[in-house]
Amino acid sequence: MDFNAFKQLVIDCCEKAGITEYELYYQAGSSISVDTFRHSINEFSSSRTGGVCFRCIVGGKMGYASTEELSPAQAMAIVTKAADSAALLESEEQVFLGEGGQEYAPLCTTPYGLPTTEELIAVTLQMQEKLYAANPAVIDGCQANGIVEQCEIAICNSRGLDLQYSNHVSGLVALGVVSDGKEMANDYQIKLGKLDEIDTDALAKKAVDGAIAGLGGEPAPTGQYPVVFDPDAMSALLSTFSGIFSSEAAQKGLSQLGGKEGEQIASEIVTLVDDPFHKENPMPINFDAEGSPTYKKNIIENGRLCTLLYNLKTAAVAGKATTGNASKSGYDAAVGVRPFTMFIAPGKVSEAELLSEIDHGVYIHSLGGLHAGANPISGDFSLQSAGFMIENGVRTRAVKSFTVAGNFYQLLKDITAIADNCTLPMAMGMTAFGAPSVRVDGLSIAGK
């Protein structure tokens, strides 16, 4: 049974049960993945997941029930279970459903045909051979991965919401592994889009060149330096600490930004944006998990915290309007808060110009241990790093196996320059993070 037929059954069941406040949320997805090893396919997987979550308000309480099976029996079952669960709740929390009749920005996407399984396998094998041919230093262990993902979301409720969304993405992952006879290094690159339009030669070269850059080098000297994070490293750091901009985290005491909207929390050159329609986001969407319209917003503008990210519940607690950032990690998950495409706005100087002002510093292009070495509540981080020394305004010798330490809240204040090379590392889902190269003064380096 398709979702629309199931939806009508649920509506009929609600009418029979006298339930007048309800919502049905549907999420489904499918994926195909092909992996290589040496010169052949060593893994193939195909899956489809999804289901519906039904919410209803009975006696001022919100009850929930979910199912993966779209059938007449389950339509009645989830309505009954949700109503029963509402009757058992003792919580006095306010409950919310989205309102219909709202305006939504048009989605400017260019759909493309997805590859067949045979085409996906052929392109992935071709990608693998390009990795081996990219450089004599490439060794066994390099891998190519071909990916196809499809996503469907629908929300309808008793207040007039009736929204549907579908999208898909395909892409390639190239993992280059190299050796100089003494040590090995690796790097990976992702490119999304129509497979026959992806430059596999360029993708292989970028992955292998990144791996070769990791060969050699020794730990950076211990001390305090101006540090330049390249776009990938800064994006990874932003992703790790992105939760501090959630109103839900702030209201639970898990972010230090609670009550600081309108205050200066960063350097005046910092603007942080959340844009659901960013041109490099493969899954743009014009409504959130509660059916509220999504829109581009500055979270930080010229160093001032303009807004945290809100859903209906957290906005009501704060006496504000939702920012359209409600999220669900799955069809049966609780409603939370997340960004769509969060990125630091680019500056007006090139990376070379940014580096030219540094006599002695460290350039970081790789960060490790982001989960174990970062505390999103306190903002403290101590992370394994790799990159280059900066000497007399240029990148010089490679350095690795050193630790960069600091505090993310303070880091935002200590940003002294932002380059114009903002990039968005590829991500398969609806959340992505991006940044340009960023200079931060006074970070601690622990090396040799």
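In what follows, the structure referred to is the one given above.
Fair warning: this is a prediction, and the values are worked out from it, not measured in the lab.

**Some remarks on the side chain of Thr36**
Here comes step 1: Turning to its location among the elements, Thr36 is positioned in strand 1 (residues 22-37).
Here comes step 2: One polar contact links the side chain of Thr36 to the main-chain amide nitrogen of Ala144, over a distance of 2.9 Å.
Here comes step 3: Those residues in contact with Thr36 that sit more than four places away from it in its chain are Ile41, Asn42, Thr124, Leu125, Gln128, Gln143 and Ala144.

**Details of the packing of aromatic side chains**
Here comes step 1: Using the criterion set out here, one finds six aromatic pairs in the structure.
Here comes step 2: Ring geometry for Tyr165 versus Phe287: centroids 6.5 Å apart, planes at 90°, classification edge-to-face. Placement of the pair is Tyr165 in strand 5 (residues 162-179) and Phe287 in the loop between strand 8 (272-274) and strand 9 (297-301), with a sequence separation of 122 residues.
Here comes step 3: Ring geometry for Phe241 against Phe408: centres 4.8 Å apart, planes inclined by 5°, an arrangement best described as stacked. Linking Phe241 in helix 5 (residues 231-241) with Phe408 in helix 9 (residues 408-413), this pair joins segments that are 167 residues apart in sequence. Each member of the pair, Phe241 together with Phe408, is buried.
Here comes step 4: Joined through ring pairs, the aromatic side chains of Phe241, Phe381 and Phe408 make up one cluster.
Here comes step 5: The aromatic ring of Tyr295 is capped on one face by Lys297, whose charged end is 4.6 Å from the ring centroid.

**Thoughts on unusual backbone geometry**
Trans peptide bonds make up most of the peptide bonds, and negative phi angles are found at most residues other than glycine.
Here comes step 1: Positive phi, close to 55°, is recorded for Arg38, a residue that is not glycine.
Here comes step 2: If you trace the backbone, Arg38 turns up in the loop between strand 1 and strand 2 (40-58).
Here comes step 3: Exposure remark for Arg38: the relative accessible area of 44% places this residue in the partly exposed category.
Here comes step 4: Not every positive phi belongs to a glycine, and Asn392 is a case in point at roughly 55°.
Here comes step 5: Inspection of the secondary structure assignment puts Asn392 in the loop between strand 15 (380-391) and strand 16 (394-407).

**What about the nonpolar core?**
A general tendency of soluble globular proteins is for nonpolar side chains to be buried together.
Here comes step 1: Core analysis: the biggest nonpolar cluster contains 50 residues, and Phe229, Phe245, Phe408 and Leu411 have the highest contact counts within it.
Here comes step 2: No other element matches helix 5, which puts five residues into this core.
Here comes step 3: Excluding residues within four positions of it along the chain, Phe408 makes contact with Met234, Leu237, Leu238, Phe241, Ile244, Phe245, Gly379 and Phe381.
Here comes step 4: Among the nonpolar cores identified, the runner-up in size contains 25 residues, and Ala137, Val138, Leu172 and Val208 belong to it.

**Description of the pairing of strand 4 (residues 143-157)**
Here comes step 1: Burial runs high along strand 4: 11 of the 15 residues are buried.
Here comes step 2: Across 13 bridges, the pairing between strand 1 and strand 4 is antiparallel. Note on strand 4: the bridge partner recorded for Val34 is Gly146.
Here comes step 3: Bridge analysis of strand 4 against strand 5 gives 14 bridges, and the strand direction is antiparallel. From the neighbouring strand, Glu152 faces strand 5, where its bridge partner is Ser166.
Here comes step 4: Between strand 4 and strand 5, which follow one another and run antiparallel, lie four residues, and Gly160 among them has a positive phi close to 100°.

**Digging into the sheet that holds strand 18 (residues 432-434)**
Here comes step 1: Strand order across the open sheet formed by five strands is 10-9-8-13-18, with mixed pairing between neighbours. Across the chains shown, the open sheet's two edge strands, defined by having one partner strand only, are strand 10 (304-305) and strand 18.
Here comes step 2: Pairing between strand 13 (residues 341-344) and strand 18: three bridges, direction parallel. Following the sheet pairing, Phe343 is matched in strand 18 by Gly434.
Here comes step 3: Strands in contact with helix 5 are strand 8, strand 13 and strand 18; relative to strand 18, the strand with the most contacts, it is inclined by about 130°.

What counts and how
- Residues numbered from 1 in each chain as written.
- Predicted model: local features only at pLDDT ≥ 70, side-chain atom pairs only at ≥ 80, totals over all residues.
- Heavy atoms only, no water.
- Helix = DSSP H or I, 4+ residues; strand = E, 2+ residues; numbered from the N terminus.
- Polar contact = N/O pair within 3.5 Å; in protein donor to acceptor, adjacent residues only side chain to side chain.
- Contact = heavy atoms within 4.5 Å.
- Phe/Tyr/Trp six-rings, centres within 6.5 Å; stacked < 30°, edge-to-face > 60°.
- Buried < 20%, exposed > 50% of the residue type's maximum accessible area, 1.4 Å probe, protein only.
- Lys NZ or Arg CZ within 6 Å of the ring centre and 35° of its normal.
- Core = buried A, V, L, I, M, F, W, Y, C linked by side-chain atoms within 4.5 Å.
- Pairing = 2+ DSSP bridges.
- Axes fitted to C-alpha atoms, helices over the stretch in contact; angles between N-to-C directions.

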